[in-house]
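Understanding the architecture of this molecule
The lines below spell out each chain.
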Amino acid sequence: MGEDTSTDTIDTSAAIENNVPVETVAVTARELFSAYESNEVAADKQFKGKMLEVTGTISSIDSG
């Protein structure tokens, strides 16, 4: 019980170690946030199990 048995995910660590090509999706942080905010199920279908190349601008870093 609680075990993920879905077949739409890829063990990216194992794929990288074995030099298996992994689908990479380029997306901005803003696009990724917006996709999940508007429709989490659709965003999961679009991004889940894929290696994401996320780009964006850091506005601040807080320590503490």
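Since we're looking at a predicted model, the values are computed, not measured. Residue positions are given per chain, counting from 1 as you read along its sequence in written order. With the structure being a predicted model, the display of local features is reserved for residues of pLDDT at least 70 and the display and counting of side-chain atom pairs for 80 or more, all residues being used for whole-chain, interface and lining totals. Hydrogens are left out, water is left out, and the side-chain values use all remaining heavy atoms of the structure.

1. As for the packing of aromatic side chains
For Phe, Tyr and Trp, where Trp contributes only its six-membered ring, two rings pair if their centres lie within 6.5 Å, and the inter-plane angle classes them as stacked under 30 degrees, edge-to-face over 60, or tilted in between. Tallied over the entire structure, the rule returns 1 aromatic pair. Both rings, one in Y36 and one in F47, keep their centres 6.3 Å apart while their planes meet at 25 degrees; by these two values the pair is stacked. Taken together, the positions of Y36 in helix α2 (residues 29–38) and F47 in helix α3 (residues 40–47) put the pair 11 residues apart, joining distant regions of the chain. The cut-offs for exposure are 20% and 50% of the maximum accessible area for each residue type, with area from a 1.4 Å probe on protein chains only; residues under the lower value are buried, those over the upper are exposed, and the others partly exposed. For Y36, a relative accessible area of 29% corresponds to the partly exposed category. Comment: elements are numbered from the N terminus, with helices defined as DSSP H or I runs of at least four residues and strands as E runs of at least two.

2. Describing the environment of T57
As for its position among the elements, T57 is in the segment after β2 (51–55). On the basis of relative accessible area, T57 is assigned to the exposed category, the value being 78%. Sequence spacing of T57 and T28 is 29 residues, and the spatial spacing of their C-alpha atoms is 9.3 Å.

3. Section: the pairing of strand β1 (residues 24–28)
Only one face of β1 is covered, namely the one carrying V25 and V27; the face carrying T24, A26 and T28 has none of its residues buried. Here a strand pair is declared whenever DSSP counts at least two bridges between the two strands. Inspection of the sheet shows β1 paired to β2 by 5 bridges, in the parallel sense. When the bridges of β2 are listed, T24 appears paired with M51.

4. Digging into the nonpolar core
By nonpolar core we mean a set of buried residues, namely Ala, Val, Leu, Ile, Met, Phe, Trp, Tyr and Cys, connected to one another through side-chain atoms within 4.5 Å. Core analysis: the biggest nonpolar cluster contains 6 residues, these being V25, V27, L32, A35, A43 and F47. The set of elements that each furnish at least two residues to this core consists of β1, α2 and α3. Beyond its immediate sequence surroundings of up to four residues, F47 is in contact with V25, V27, L32, A35, Y36 and L52. The contact definition used throughout considers only heavy atoms, calling two residues in contact when any of these lie within 4.5 Å.

5. Focus on the confidence of the model for the chain
When pLDDT is averaged across the chain, the result is 83; 81% of the residues are at 70 or more. When pLDDT is averaged over each element of the chain, α2 comes out on top at 97 and helix α1 (residues 12–17) at the bottom at 73. For every residue, the pLDDT score states the predictor's confidence, bounded by 0 at the bottom and 100 at the top.

6. Considerations on the packing of α2 against α3
All axes are obtained by fitting lines to C-alpha atoms, using only the stretch in contact for helices, and the reported angles, taken between N-to-C directions, cover 0 to 180 degrees. Where α2 meets α3, the axes come as close as 5 Å, and the angle between the chain directions of the two elements is 135 degrees. The orientation of α2 relative to α3 falls into the category oblique. Taken together, the residues of α3 that come into contact with α2 (itself represented by L32, A35, Y36 and S38) are E40, A43, D44 and F47. The class makeup of the residues in the contact of α2 with α3 is 5 nonpolar, 1 polar and 2 charged. If an angle is under 35 degrees, it is roughly parallel; if it is over 145, roughly antiparallel; if it lies from 65 to 115, roughly perpendicular; otherwise it is oblique. Residue classes follow a fixed rule: Ala, Val, Leu, Ile, Met, Phe, Trp, Tyr, Cys and Pro count as nonpolar, while Asp, Glu, Lys and Arg count as charged, and any other residue, Gly among them, counts as polar.

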